Amino acid sequence: MHELSIALGIVKIAEDEAAKAKAERVTKIELEIGVLSGIELDSLNFIWESAIKDTVLEFAEKEIVIIKGKGKCIDCDTEFEIEKLFDPCPYCNSYFKGILQGKELRVKALEVI
Amino acid sequence: MCGTCGCGTENNGPIISKPGEKNHSHGDQHHGEHSHDEHHHHNGHSHSHEEHHNHSHTHEHDHNHKVLEIEQDILQNNQLLAARNRGYFEAKNIFALNLVSSPGSGKTTLLERTLADLKAEIPFYVIEGDQQTLNDANRIAALDIPVIQINTGKGCHLESDMVYDAVKKLNVKDNSVLMIENVGNLVCPSMFDLGENKRIVIISTTEGEDKPIKYPDMFYTSDICIINKIDLLPYVNINVENIKKYALQVNPKLVFFEVSATTGEGMDGWYQWLKKLKLEYKN
């Protein structure tokens, strides 16, 4: 359950940023999570309520933008969508690839009052 | 709640201790470290903070409602401290390895054998990560190797701040090899860089051929894959080539060693690699 560490990391970022902006609380938080980031969304949602209790995020709406995985084949330069880390290039079947996107794990924005 | 280790309460934080030492909590020190990070964090983001102020000015009709575009990586704290560890290791010419695997793959046995066989040639230091007990640290201490145990409590992985504290306490000498045995868990530790030079994933022949694709993140982020317990191959229905095939699908750059830490079979290849890499990192 490393999602708990992740959720608490999100809370810390929100607390820090809200304090810097002298905001009372956060009304909305936007997260960007890539499908290859290693985060299980069900687990994150499961522990979310307990992680945000008594914090600036307690009443915040949570919006998660899911970022698809994209890779580029090192052997033939084909760009393709990746759902799993071991997906081969659909053109030449090579497993050698660079990951272009999908590893994101970011707090994109906060709406505060 | 502790924001770094994910532990339930303040009293439940990681405990860092040496074998034979009175077991006491370092929760306070750990949390002290947190506030230190906060300090860094504020410095690092002073620019974007200004920007946000401008941004909010342009939307003044919005009353008190402001949007802060922060674009911050959630793992940033861990990565900053990992970078600090890495700089420390580089300055002191310490070759650091992060050993990861599911529980029971033989990490500690592999470590014991390696330390016993090579300790005359290489100065070793060990950090042991487990949720509970000093058992592993005691096994290493029995070999006269300096060791620190990190008990993560409810935490399922080591993070870079724990390693930072442990390394300081361990007082690692220059030109040595630091072995960090992570918490036995094939999922969570994959996301947390500790500042190591190389990550080593250990899988045993009793675990099932398709483990690399069931738990791809760990194999994707590792440099070396040690297949342990090959002495059991006659008794288990497993083909080592299939393990490698699956692992290479996830990470085509993985280098393999097939060993039995119990009988010593195949350990030489791993030792040669260790000695060679230690020299390479000396530059």
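Now for a quick tour of the structure. (Residues numbered from 1 in each chain as written. Chains lettered and ligands numbered in written order. Predicted model: local features only at pLDDT ≥ 70, side-chain atom pairs only at ≥ 80, totals over all residues. Heavy atoms only, no water.)

A short note on the pattern of salt bridges
Scanning the entire structure with this criterion turns up 19 salt bridges over all chains. Residues glutamate 17 of chain A and lysine 20 of chain A are paired through a salt bridge, measuring 3.3 Å at the closest nitrogen-oxygen approach. With glutamate 17 of chain A and lysine 20 of chain A both in helix 1 (residues 2-20) and 3 residues apart, this pair spans about one turn of that helix. Lysine 20 of chain A shares its class with glutamate 17 of chain A; the two are buried. Ionic pairing is found between glutamate 196 of chain B and arginine 199 of chain B, a salt bridge with its closest N-O pair at 2.9 Å. With respect to burial, glutamate 196 of chain B and arginine 199 of chain B carry one shared label: buried. Sharing partners across several salt bridges, the network here consists of Glu32, Arg106 and Lys108 of chain A together with Glu71 of chain B. (Salt bridge = Lys/Arg side-chain N within 4 Å of Asp/Glu carboxyl O. Helix = DSSP H or I, 4+ residues; strand = E, 2+ residues; numbered from the N terminus. Buried < 20%, exposed > 50% of the residue type's maximum accessible area, 1.4 Å probe, protein only.)

As for helix 1 of chain A
Residue and element names in this part refer to chain A. With 19 residues, helix 1 should cover 27 Å at 1.5 Å per step; its first-to-last C-alpha distance of 27 Å lies within 8% of that length. Burial within helix 1 is extensive, with 17 of its 19 residues counted as buried. In the segment just after helix 1, lysine 22 is the residue with positive phi, at about 55 degrees. (Expected span 1.5 Å × (residues − 1).)

Things to note about helix 10 (residues 267-280) of chain B
All names here are of chain B. Between its first and last C-alpha atoms helix 10 spans 20 Å; for 14 residues at 1.5 Å apiece the expected length is 20 Å, and the two agree. For helix 10, every residue scored as buried is listed here: Met267, Trp270, Tyr271, Trp273, Leu274, Leu277 and Lys278. The buried residues of helix 10 occupy an angular sector of 160 degrees when projected down its axis, which confines them to one face. Of the residues in helix 10, the exposed ones pointing more than 90 degrees away from the buried face are Asp268, Lys276 and Leu279. (Arc of directions from axis to C-beta.)

A word on the packing of helix 1 of chain A against helix 2 (residues 41-52) of chain A
Residue and element names in this part refer to chain A. Helix 2 packs onto helix 1 with a crossing angle of 50 degrees between their chain directions and a minimal axis gap of 9 Å. What the angle tells us is that helix 1 and helix 2 run oblique. Judged by the twist between their axes, the crossing of helix 1 over helix 2 is right-handed. Along its contact with helix 1, which presents Glu3, Leu4, Ala7, Leu8, Ile10 and Val11, the element helix 2 presents Ser43, Leu44, Ile47, Trp48, Ala51 and Ile52. Among the residues making up the contact of helix 1 with helix 2, the classes are represented as 10 nonpolar, 1 polar and 1 charged. (Axes fitted to C-alpha atoms, helices over the stretch in contact; angles between N-to-C directions. Parallel < 35°, antiparallel > 145°, perpendicular 65-115°, else oblique. Left-handed = near helix turned anticlockwise from the far one by under 90°. Contact = heavy atoms within 4.5 Å. Nonpolar A, V, L, I, M, F, W, Y, C, P; charged D, E, K, R; others polar.)

Some details on the packing of aromatic side chains
Counting across every chain of the model gives 6 aromatic pairs over all chains. Note on tyrosine 88 of chain B and phenylalanine 89 of chain B: the rings are 6.3 Å apart at their centroids and 65 degrees apart in plane angle, and the pair reads as edge-to-face. A residue is classified by how much of its surface remains accessible, and tyrosine 88 of chain B, at 33% relative accessible area, is partly exposed. Relative accessible area serves as the criterion here: at 2%, phenylalanine 89 of chain B is assigned to the buried category. Three or more aromatic residues joined by ring pairs make a cluster, and in this case those are Phe95, Phe257, Trp270, Trp273 and Tyr281 of chain B. Note that lysine 62 of chain A overlies the ring of tryptophan 48 of chain A, its terminal NZ or CZ placed 5.2 Å from the centroid. Over the ring of tyrosine 246 of chain B we find lysine 245 of chain B; its NZ or CZ atom is 5.1 Å from the centre of that ring. (Phe/Tyr/Trp six-rings, centres within 6.5 Å; stacked < 30°, edge-to-face > 60°. Lys NZ or Arg CZ within 6 Å of the ring centre and 35° of its normal.)

Side note on the sheet that holds strand 3 (residues 69-73) of chain A
Residues and elements named next belong to chain A. The strand order across the open sheet built from 3 strands is 4-3-5, with neighbouring strands paired in antiparallel fashion. At either margin of the open sheet sits one strand with a lone partner, and together these are strand 4 (79-82) and strand 5 (97-101). Across the sheet, the mean angle separating the axes of adjacent strands is 35 degrees when strand polarity is ignored. Examined bridge by bridge, strand 3 and strand 4 share 4 bridges and lie antiparallel to one another. (Pairing = 2+ DSSP bridges.)

Describing the nonpolar core
Counting 34 residues, the largest nonpolar core has Ile6, Ile10, Leu57, Val107 and Leu110 of chain A as its most contacted members. Secondary structure elements with two or more residues in this core: helix 1, strand 1 (26-34), helix 2 and strand 6 (105-112) of chain A together with strand 2 (66-73) of chain B. At 9 residues, helix 1 of chain A tops the list of elements feeding residues into this core. Excluding residues within four positions of it along the chain, valine 107 of chain A makes contact with Ile10, Ile13, Ile29, Glu30 and Leu31 of chain A together with Ile70, Glu71, Gln72 and Ile74 of chain B. Judged by nonpolar contacts, the second largest core, of 31 residues, contains Phe95, Leu115, Leu143 and Val147 of chain B. (Core = buried A, V, L, I, M, F, W, Y, C linked by side-chain atoms within 4.5 Å.)

Topic: the interface of chain A and chain B
Between chain A and chain B, the contact holds 38 residues from the first and 40 residues from the second. Carbon and sulfur atoms make up 64% of the area that chain A and chain B hide from each other, which totals about 3700 Å². Applying the counting rule to chain A against chain B returns 2 salt bridges. Across the salt bridge formed by lysine 108 of chain A and glutamate 71 of chain B, the nearest N and O atoms sit 4.0 Å from each other. Between the two partners, chain A and chain B, sit 10 residue pairs in polar contact (both at pLDDT 80 or more). Broken down by element, the residue count for the side of chain A that touches chain B peaks at 12 residues, all from helix 1 of chain A. (Buried area = accessible area lost by both parts, 1.4 Å probe. Polar contact = N/O pair within 3.5 Å; in protein donor to acceptor, adjacent residues only side chain to side chain.)

Description of the pairing of strand 6 of chain A
Sheet topology places strand 1 of chain A next to strand 6 of chain A; 7 bridges connect them, and they run antiparallel. Pairing of glutamate 32 of chain A across the sheet is with arginine 106 of chain A, part of strand 6 of chain A.

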